[in-house]
Amino acid sequence: MLKYAIIFAVISLIAGALGFGGVAAGAAGIAKILFGLFLILAVIFVVLAALGVGAARKALK
């Protein structure tokens, strides 16, 4: 997901440099949403790992 956020950010920068304002704004919006989702999921997985949920708990039993 982070990969796609970076790709859309690069597309936004290139489109903005070439004068395509609408495309740049759309790609920047998509990049923001994807990056936000990435951050939320990353925090959730870090918390779950700290609590020992999932594979880590199975390995400890």
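See above for the structure.
All figures in this text were calculated on a predicted structure; none of them were measured in a lab.

Draft legend 1. Expanded view of the side chain of Ser 12. Positionally, Ser 12 belongs in helix H1 (residues 2-18). When near neighbours in sequence (up to four residues on either side) are disregarded, Ser 12 contacts Ala 24, Ala 27 and Ala 28.

Draft legend 2. Local environment of the environment of Leu 34. Topologically, Leu 34 is positioned in helix H2 (residues 21-51). A sequence separation of 26 residues divides Leu 34 from Phe 8, and the C-alpha atoms of the two residues are 9.1 Å apart. Beyond its immediate sequence surroundings of up to four residues, Leu 34 is in contact with Met 1, Tyr 4, Ala 5 and Phe 8.

How each quantity is defined
Residues numbered from 1 in each chain as written. Predicted model: local features only at pLDDT ≥ 70, side-chain atom pairs only at ≥ 80, totals over all residues. Heavy atoms only, no water. Helix = DSSP H or I, 4+ residues; strand = E, 2+ residues; numbered from the N terminus. Contact = heavy atoms within 4.5 Å.

That is the geometry; function is a separate question.
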